Amino acid sequence: GVTSSHADTTHADTKRALPDTLWGLFKTIDPPENTVFVLLFDQLEEFFSYPTAQQEAFKEQLSELLYTTYPAFVRENRKKLSDADYDFLSRDLDVRAVFAIRADRLSDLDRLSRPLSAILKNRMELGALSETQAEEAILRPAALPNDAGLFKTAPFHFSGEALRRIKAELVGKDSKRIESFVLQIVCFSIEKTAERGGLTEITPRQLPDFDEVFDTYYREQLAELPAAERAQAAHLLEYALLGLNAQTGEAHRRSVDSADLAAAPALLDALESTYLIRREINSFGRFSYEI
């Protein structure tokens, strides 16, 4: 939701009459002058799994919010509006949108280009992190104050040796860079340790076993499920969604149609909520799942 401590009763009657749209919502806010709103849409590929009617409604509303100076409500009610209300509703909103989507789904953005005409204009590929970027990603979130009680831990920092150890363990031998999803899992483990111990400093002793950290993450996420579902979930992940190359002995991920999975929708939803699997629409109009 969008809230503002600056909301007041100015134009109260007009605000109550506004349409239930994104533009209408933002017009109920009375933000400080020169406020810039930035809307962040992560994992945009999930958007395309929603019903077509909902996708179309969202696109139209977002386009109105970003591009339209005089929305339909203003045009249709011009004669009913006082000059003050008309000026208020016609005042530009400075709203920007940032979309994050998997590289292999980038072509889906073309489906949003009407009516979001500028969506393909400014693009940036987020690659692996440099050591400097990884260090910032490790240190800054951990140091955030928790005065409002929004986080599970108090601020904590890393000793120099602990920070050097993390980077040395995670940096790629060829690329000399660190994959963000790998760093995310490691930092998740460290945060759990800080939370359990009430720690304010992370030293090498508090770092996870880097050979076991991914298996530990997997086990902890499985433990979030009801006990009766864990065995079925493990079997689904380890046998249905993983394949084994008989010649090399290496496992590989499989994308499997929901119709071929002997699993209840509720279990698939639960696994998706723990970020162990993801889903996407396949060519048959059904969902496919993969680790």
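Residues numbered from 1 in each chain as written. Predicted model: local features only at pLDDT ≥ 70, side-chain atom pairs only at ≥ 80, totals over all residues. Heavy atoms only, no water.

Visitor: Give a detailed account of the packing of helix α10 (residues 227-240) against helix α11 (residues 265-273), specifying residues and quantitative values.
Guide: Think of two packed helices as two axes; the pair is described by the angle between the axes and how far apart they sit. One can describe the packing of α10 onto α11 by two numbers: an axis separation of 11 Å at closest approach and a directional angle of 75°. In this view, α10 runs roughly perpendicular relative to α11, as classed from their interaxial angle. Of the residues in α11, those in contact with Glu229, Gln232, Ala233, Leu236 and Leu237 of α10 are Leu267, Leu268 and Leu271. For the contact of α10 with α11, the residue count by class is 6 nonpolar, 1 polar and 1 charged. (Axes fitted to C-alpha atoms, helices over the stretch in contact; angles between N-to-C directions. Helix = DSSP H or I, 4+ residues; strand = E, 2+ residues; numbered from the N terminus. Parallel < 35°, antiparallel > 145°, perpendicular 65-115°, else oblique. Contact = heavy atoms within 4.5 Å. Nonpolar A, V, L, I, M, F, W, Y, C, P; charged D, E, K, R; others polar.)

Visitor: Account for the sheet that holds strand β7 (residues 256-257), with residues named and values stated.
Guide: The strand order across the open sheet formed by 3 strands is β7-β9-β8, and the pairing between neighbours is antiparallel. Strands at the two margins of the open sheet, each flanked by one partner only, are β7 and β8 (278-281). (Pairing = 2+ DSSP bridges.)

Visitor: Please provide a residue-by-residue account of a nonpolar patch on the surface, values included.
Guide: Together, Val36, Val38, Leu40 and Val98 line one region of the surface with nonpolar side chains, adding up to about 370 Å² of accessible area. Along the chain, valine 98 turns up in strand β2 (residues 95-99). (Patch = residues over 30% accessible without salt bridge, like charges linked within 9 Å, V, L, I, M, F, W, Y side chains within 5 Å. Areas by Shrake-Rupley, 256 points an atom, 1.4 Å probe, with all protein chains shown as cover. Salt bridge = Lys/Arg side-chain N within 4 Å of Asp/Glu carboxyl O.)

Visitor: Let's hear about empty space enclosed by the protein: which residues, and what values?
Guide: Think of a ball as big as a water molecule: rolled over the atoms, this probe shows where empty space is left. Under the defined criterion, the tally for this structure stands at 1 cavity of 30 Å³ or more. Of the pockets and cavities examined, the largest cavity occupies roughly 30 Å³. Surrounding the largest cavity, Glu45, Glu46, Phe48, Ser49, Arg105, Arg279, Glu280 and Ile281 form its lining. Class assignment of the residues belonging to the lining of the largest cavity gives a composition of 2 nonpolar, 1 polar and 5 charged. (1 Å grid on protein atoms, 1.4 Å probe; cavity = no way out; pocket = protein on both sides within 12 Å on 5 of 7 lines; lining within 4 Å. Points joined across faces, edges and corners; volume = space filled by probe spheres on them.)

Visitor: Any details on the pairing of strand β9 (residues 287-290)? Residues and values, ideally.
Guide: As defined by bridge partners, β7 adjoins β9 across 2 bridges and the pair is classed as antiparallel. For valine 256, the partnering residue across the bridge sits in β9 and is tyrosine 289. Bridge count between β8 and β9: 4 bridges; the pairing is antiparallel. Counterpart to isoleucine 281 in the pairing with β9 is phenylalanine 287. Adjacent in sequence and paired antiparallel, β8 and β9 are bridged by 5 residues, among which glycine 285 carries a positive phi angle near 80°.

Visitor: Can you break down unusual backbone geometry residue by residue, with the values?
Guide: Following arginine 114, the chain continues to proline 115 via a peptide bond in cis, the omega torsion being 15°. Checked against the element boundaries, proline 115 lands in the loop between β2 and α6 (131-143). The phi dihedral of glutamine 43 is positive, around 50°, even though this residue is not glycine. At tyrosine 275, a position not held by glycine, the phi torsion is positive, near 65°. Tracing the backbone through its elements, the reader meets tyrosine 275 in the loop between α11 and β8.

Visitor: Any chance you could break down the pattern of salt bridges for me, citing the residues and the numbers?
Guide: All chains considered together, the criterion is met by 19 salt bridges. Residue arginine 105 pairs with glutamate 280 through a salt bridge whose shortest N-O separation is 3.0 Å. With arginine 105 in the loop between β2 and α6 and glutamate 280 in strand β8, this pair connects stretches of sequence that are 175 residues apart. Its relative accessible area of 13% is what places arginine 105 among the buried residues. Between arginine 219 and glutamate 238 there is a salt bridge, with the nearest N and O atoms lying 3.9 Å from each other. Here glutamate 238 lies in helix α10 and arginine 219 lies in helix α9 (residues 213-223), a separation of 19 residues in the sequence. Residue classification places arginine 219 among the partly exposed positions, given a relative accessible area of 45%. Bridged by salt links that share partners, the residues Arg102, Arg105, Asp108, Arg111 and Glu280 form one connected network. (Buried < 20%, exposed > 50% of the residue type's maximum accessible area, 1.4 Å probe, protein only.)

Visitor: Break down the layout of surface pockets for me, with residues and values.
Guide: The volume enclosed by the second largest pocket comes to roughly 250 Å³. Here the residues of the lining of the second largest pocket are counted per class, giving 7 nonpolar, 2 polar and 6 charged.

Visitor: Give a description of the nonpolar core that names residues and reports values.
Guide: By size, the foremost hydrophobic cluster in this structure holds 40 residues, and its most contacted members are Ile166 and Leu271. Elements represented by at least two residues in this core include exactly α6, α7 (160-170), α8 (180-197), α9, α10 and α11. The element that contributes the greatest number of residues to this core is α8, accounting for 6 residues. Residues within four places of isoleucine 166 in sequence aside, it is in contact with Ile138, Phe158, Leu183, Ile190, Leu207 and Phe210. Ranked by size, the runner-up nonpolar core spans 14 residues in total, among them Leu39, Phe48, Leu62 and Val95. (Core = buried A, V, L, I, M, F, W, Y, C linked by side-chain atoms within 4.5 Å.)

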